[in-house]
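# Chains, contacts and geometry: an overview
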Amino acid sequence: MDTELLKTFIEVQRTRHFGKAAENLYLTQSAVSFRIRQLEQQLGVNLFSRYRNNIQLTAAGERLLPHAEAMLTALQRAKQDVAVSAEQAVQLSIAATANIWDAFLLQGFISIQHALPGLSWRAESLGREQIARLVLERHLDLAVLFDAPKVDEMQIDKLGDIQLLPVTTHSEHTTASAMQQQYILVDWGTAFDIQHARHFPDLAPPQLRTGSARIALELMQQRGGSAYLPQTMVKPLLDDGSLHLITGAPVMQRELFAVSLPKAAHRTKIADIILQLRALLAATK
């Protein structure tokens, strides 16, 4: 199957618009429509339902999507592996959600790159469900997650805990005032949502919910606000007075896990990286 057809299918699914997909792929809209028709003819199914400007995946399209993503990821991985083999380098792939990169993993990853200069890397920021699937399909060597998948085939190693501090830009920083003013609910996973709801049962709907701590922090610095953010990110801002701890709001913690396959290729290197990440996380406290 022509991978260009799959790329076009994924882009139309992402934009839900043939014109926008054509712009992003540097094609004409008729070329995008032709590619989708080709793919539908090859598979013998309709992949999109079209009602005026409302383009939705059909049930067949929904089933094709994870396969298309996996096939393109596998092709990309194969190209990269072949390219680095000429240099006799080992390539490892690592992924985490955006918040984990923000809270800890980016600095940890930079340290590990310096410590292991002989490795070639692929680093991804993805959703939790997609990450778990790619680990199982052997498209990812290592994932770092808050909510570890409960899958027997996976090896789960606890790295440590991330401290989430209730912080605000407002001069009046009691719980009653700070969390009612431009509060941003950052998505720190299911366990955090449960704790948050228990501690703040009467909290009004937040002004914004985001999966990125960096987005929350940038908005707070530009427009003011409050949020739960990782200690590693906010400590310098607390020290210089740019942020304040919210009085009366509890500090929360999230467990961080490394997820891999016990019989993965380069198992020894993966185990060494896990140990280094654990030590780096412990050093942030």
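Conventions adopted
Residues numbered from 1 in each chain as written. Predicted model: local features only at pLDDT ≥ 70, side-chain atom pairs only at ≥ 80, totals over all residues. Heavy atoms only, no water. Helix = DSSP H or I, 4+ residues; strand = E, 2+ residues; numbered from the N terminus. Buried < 20%, exposed > 50% of the residue type's maximum accessible area, 1.4 Å probe, protein only. Areas by Shrake-Rupley, 256 points an atom, 1.4 Å probe, with all protein chains shown as cover. Pairing = 2+ DSSP bridges. 1 Å grid on protein atoms, 1.4 Å probe; cavity = no way out; pocket = protein on both sides within 12 Å on 5 of 7 lines; lining within 4 Å. Points joined across faces, edges and corners; volume = space filled by probe spheres on them. Nonpolar A, V, L, I, M, F, W, Y, C, P; charged D, E, K, R; others polar. Core = buried A, V, L, I, M, F, W, Y, C linked by side-chain atoms within 4.5 Å. Contact = heavy atoms within 4.5 Å. Bend = angle between axes of the 7 residues up to and from the residue. Salt bridge = Lys/Arg side-chain N within 4 Å of Asp/Glu carboxyl O. Phe/Tyr/Trp six-rings, centres within 6.5 Å; stacked < 30°, edge-to-face > 60°.

## With respect to the overall build of the chain
Broken down by element type, the chain carries 11 helices and 11 strands. Overall, the C-alpha framework of the chain stretches about 60 × 50 × 35 Å when taken along its three principal axes. Taking all 285 residues of the chain together, 46% fall into the buried category. Just so you have it, the chain exposes about 14700 Å², and 52% of that area is on carbon and sulfur atoms.

## Let's talk about the pairing of strand E2 (residues 54–57)
Residues of E2 alternate between two faces, with Ile-55 and Leu-57 buried on one and Asn-54 and Gln-56 left unburied on the opposite face. In this structure, strand E1 (residues 48–51) lies alongside E2, joined through four bridges in antiparallel fashion. Residue Ser-49 lies in a different strand from E2, and its bridge partner there is Gln-56.

## Details of empty space enclosed by the protein
For the coordinates displayed, the defined rule picks out one cavity of 30 Å³ or more. Estimated volume of the largest cavity: approximately 50 Å³. Looking at the largest cavity, the residues that line it are Asp-161, Ile-162, Gln-163, Gln-231, Thr-232, Leu-281, Thr-284 and Lys-285. Of all the secondary-structure elements, those providing two or more residues to the lining of the largest cavity are strand E6 (155–168) and helix H10 (231–239). In terms of residue class, the lining of the largest cavity is made up of two nonpolar, four polar and two charged.

## Considering the nonpolar core
In this structure, Leu-105, Trp-188, Tyr-228, Leu-229, Leu-256, Ile-273 and Leu-277 are the most contacted members of the largest nonpolar core, which totals 64 residues. The contact partners of Trp-188, leaving out residues within four places of it in the chain, are Asn-99, Ala-103, Phe-146, Leu-164, Ala-213, Tyr-228, Leu-229, Pro-230 and Arg-254. Counting 19 residues, the second-largest nonpolar core is a separate cluster that includes Ala-22, Phe-48, Ile-55 and Leu-65.

## Description of helix H5 (residues 98–115)
At Phe-104, H5 is bent by approximately 65°, the largest bend along its length. When H5 is considered as a whole, its buried residues turn out to be Asn-99, Ile-100, Trp-101, Asp-102, Ala-103, Phe-104, Leu-105, Gly-108, Phe-109 and Ile-112.

## Quick notes on unusual backbone geometry
Phi angles above zero are rare outside glycine, and Arg-16 is one such case at about 55°. Backbone geometry at Arg-138 places phi at a positive 65°, although glycine is not the residue there. In this fold, Arg-138 is placed in the loop between helix H6 (128–136) and strand E5 (142–145). Taking the relative accessible area as the measure of exposure, Arg-138 reaches 48% and is therefore partly exposed.

## Points about the side chain of Glu-40
Here Glu-40 is to be found in helix H3 (residues 29–43). Those residues in contact with Glu-40 that sit more than four places away from it in its chain are Val-45, Asn-46, Leu-47, Phe-48 and Arg-50.

## A closer look at the pattern of salt bridges
As enumerated under the stated definition, the model contains 14 salt bridges in all. Arg-50 is the salt-bridge partner of Glu-40, the closest N and O atoms lying 3.7 Å from each other. In this pair, Glu-40 sits in helix H3 while Arg-50 sits in strand E1, placing the two residues 10 residues apart along the sequence. Taking the relative accessible area as the measure of exposure, Arg-50 reaches 41% and is therefore partly exposed. Between Glu-69 and Arg-133 there is a salt bridge, and its shortest N-O distance comes to 3.1 Å. Here Glu-69 is found in helix H4 (residues 59–85), whereas its partner Arg-133 is found in helix H6, with 64 residues between them in sequence. On the basis of relative accessible area, Arg-133 is assigned to the partly exposed category, the value being 24%.

## Here's the deal with the packing of aromatic side chains
Counted according to the given criterion, the structure contains seven aromatic pairs. For the ring pair Phe-146 and Trp-188, a centre distance of 5.8 Å and an interplane angle of 75° mean the geometry is edge-to-face. Of the two residues, Phe-146 sits in the loop between E5 and E6 while Trp-188 sits in the loop between strand E7 (184–186) and helix H8 (190–199), which places them 42 residues apart along the sequence. We note that Phe-146, like Trp-188, is buried. Relative to Tyr-228, the ring of Phe-192 has its centre 5.6 Å away and its plane inclined at 70°; by these criteria the two rings are edge-to-face. On the criterion of sequence distance, the pair formed by Phe-192 in helix H8 and Tyr-228 in strand E9 (residues 226–230) is long-range, its members being 36 residues apart. A single burial state applies to Phe-192 and to Tyr-228, both of which are buried. An aromatic cluster is defined as three or more aromatic residues linked by ring pairs; in this entry it consists of Phe-9, Phe-18 and Phe-48.

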